[in-house]
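# A look at the structure
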Protein chains: 2
Amino acid sequence: MLGLLLIDHGSRRAESNHQLEDMAARVRRLRPTAAVAAAHMEIATPDLATTFAALVQQGATHIVILPYFLSDGRHLTQDIPALAASAAANHPGITYTLGSALGPHDALAALLLERGDC
Amino acid sequence: MLGLLLIDHGSRRAESNHQLEDMAARVRRLRPTAAVAAAHMEIATPDLATTFAALVQQGATHIVILPYFLSDGRHLTQDIPALAASAAANHPGITYTLGSALGPHDALAALLLERGDC
C-alpha cells in the first residue's frame, strides 16, 4: 500500500498545525486507496518518525513524503531528508521518496488570484 | 488599472526571493491587463511600500495585495495589514484590498501529489 506523509514546518499556533490535518484530509479524498497522515518537522507533534511508523503500521510499504512548503531551502534539502533517512532506518524493507516544494507553479498563481478575489 | 502586489515573507536566500519574481511572472501571464509586481515583508527588498508606489506610478488605481503564504498567522492578520495601511496612506485616492492565505485548498492537495510524482 502507498503511504503519503505530509510534512510542514510545525508551529506554536494550533490553527496552523490543524490546517495540515485539513490538507491531509483533502489528499485522502484524492487518493482514497493510500494511507495518508501528517507530521511536523519541529515544534509540534507528531514528528516525521512517528507518522512514518504509523503509516507502516497501517500497511504502507512505500511512503512518499510530501513537503507542505512553498519553496526549497535548508529544511527541504537537509533537515527533512535527514529526518526521513533516520525514520526509514527503523523499517527495513520499506522504501520512500521525497517530493519537492510546491512553488513556483501556475496552479499557485491561479490560487493567488482566487484568494484575492480577482 | 488593477495592480496586483505579491508579497512573501522575504528570505536571506536569493533563490527564495527570486521565486516570488517567478510567481509574479506567472500571475502576469494570467492577468496581462494588470500591473503586477512583487515585494517582501522583511529581510529582502523591495518592501511593500516601494512596490505599492511603483504600481501607482504604472497607473494602478486599485491594488490587490496577494500574500504568498500557506497559512494565516500574525504576518497576515497584523504585519502585512499594517504595512499596507502605511503604504496606502502615501497615495490618497488609491484603494486596496488584501487577499487571504493560499491554504488549505484542494488545489494545494493536487499540487502536493504532483510534486511527489504520485
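See the structure printed just above.
What comes next concerns the included structure. (Residues numbered from 1 in each chain as written. Chains lettered and ligands numbered in written order. Predicted model: local features only at pLDDT ≥ 70, side-chain atom pairs only at ≥ 80, totals over all residues. Heavy atoms only, no water.)

Quick look at the overall build of chain A now. Secondary structure assignment for chain A yields four helices and four strands. From first element to last, N terminus to C terminus, chain A shows the α and β order β-α-β-α-β-α-β-α. Seen through its C-alpha atoms, chain A measures out along the principal axes to roughly 50 × 30 × 25 Å. Residues classed as buried in chain A amount to 49% of the 118 residues present. Within chain A, residue pairs in contact and separated by at least 24 positions form 70% of the contacts whose partners lie at least 6 positions apart. (Helix = DSSP H or I, 4+ residues; strand = E, 2+ residues; numbered from the N terminus. Buried < 20%, exposed > 50% of the residue type's maximum accessible area, 1.4 Å probe, protein only. Contact = heavy atoms within 4.5 Å.)

Bringing the packing of helix α2 (residues 48–57) of chain A against helix α3 (residues 74–88) of chain A into the picture now. Residues and elements named next belong to chain A. At a minimum axis distance of 9 Å, the contact between α2 and α3 shows a crossing angle of 45°. If you check the angle between α2 and α3, you find them oblique. Helix-helix and strand crossings are classified by hand; for α2 and α3 the assignment is right-handed. Along its contact with α2, which presents L48, A49 and F52, the element α3 presents I80, L83, A84, A87 and A88. Of the residues belonging to the contact of α2 with α3, the class tally is eight nonpolar, no polar and no charged. (Axes fitted to C-alpha atoms, helices over the stretch in contact; angles between N-to-C directions. Parallel < 35°, antiparallel > 145°, perpendicular 65-115°, else oblique. Left-handed = near helix turned anticlockwise from the far one by under 90°. Nonpolar A, V, L, I, M, F, W, Y, C, P; charged D, E, K, R; others polar.)

Now for the packing of aromatic side chains. Residue and element names in this part refer to chain B. Going through the model one piece at a time under the given rule, you end up with two aromatic pairs over all chains. Measuring from centroid to centroid gives 6.2 Å for F52 and Y96, while their planes differ by 80°, and the two rings are edge-to-face. Remark: Y96 occurs in strand β4 (residues 95–98) and F52 occurs in helix α2 (residues 48–57); sequence separation between them is 44 residues. Of the residues examined, F52 reaches a relative accessible area of 0% and is grouped as buried. (Phe/Tyr/Trp six-rings, centres within 6.5 Å; stacked < 30°, edge-to-face > 60°.)

Structural alignment of chain B on chain A gives an RMSD of 0.0 Å, achieved by rotating through 180° and translating 0.0 Å along the axis. Put plainly, the chains are arranged around a two-fold axis. Same-surface contact between copies: 100% of interface residues of chain B are shared with the interface of chain A. (Least-squares fit on C-alpha atoms with pLDDT ≥ 70 in both.)

With that settled, the discussion passes to the environment of B:I80. Residue and element names in this part refer to chain B. In this structure, I80 sits in helix α3 (residues 74–88). A relative accessible area of 1% means that I80 is categorised as buried. Spatially, the C-alpha atom of I80 lies 8.4 Å from that of L48, the residues being 32 residues apart in sequence. In contact with I80, other than residues within four places in its own chain, are I7, M41, L48, I65, F69, H75 and L98.

Below, the discussion takes up the sheet that holds strand β4 (residues 95–98) of chain A. Residue and element names in this part refer to chain A. Spatially, four strands are ordered β2-β1-β3-β4 in an open sheet, and the strand pairing comes out parallel. Each having just a single partner strand, β2 (35–40) and β4 make up the two edges of the open sheet. Recorded for the sheet is a direction-independent mean angle of 20° between the axes of neighbouring strands. Sheet topology note: the strand β3 (residues 62–67)/β4 ladder contains four bridges and is parallel. The partner of H62 across the bridge, within β4, is T95. Sitting on the sheet, α2 touches β1 (2–8), β2, β3 and β4, and the angle it makes with β2 is about 170°. Those strands touched by α3 are β1, β3 and β4, and its axis lies near 170° from that of β4. (Pairing = 2+ DSSP bridges.)

This part takes up the packing of helix α4 (residues 106–115) of chain A against helix α1 (residues 14–30) of chain B. Where α4(A) contacts α1(B), the two axes come as close as 9 Å, and the packing angle between them is 65°. One way to sum up the angle between α4(A) and α1(B) is to call them roughly perpendicular. Between α4(A) and α1(B) lies a crossing of right-handed hand. Residues A:D106, A:L108, A:A109, A:A110, A:L112 and A:L113 of α4(A) lie in contact with α1(B), whose contacting residues are B:M23, B:R26, B:V27, B:R29 and B:L30. In terms of residue class, the contact of α4(A) with α1(B) is made up of eight nonpolar, no polar and three charged.

Without other data, these values stay purely geometric and don't point to any function.
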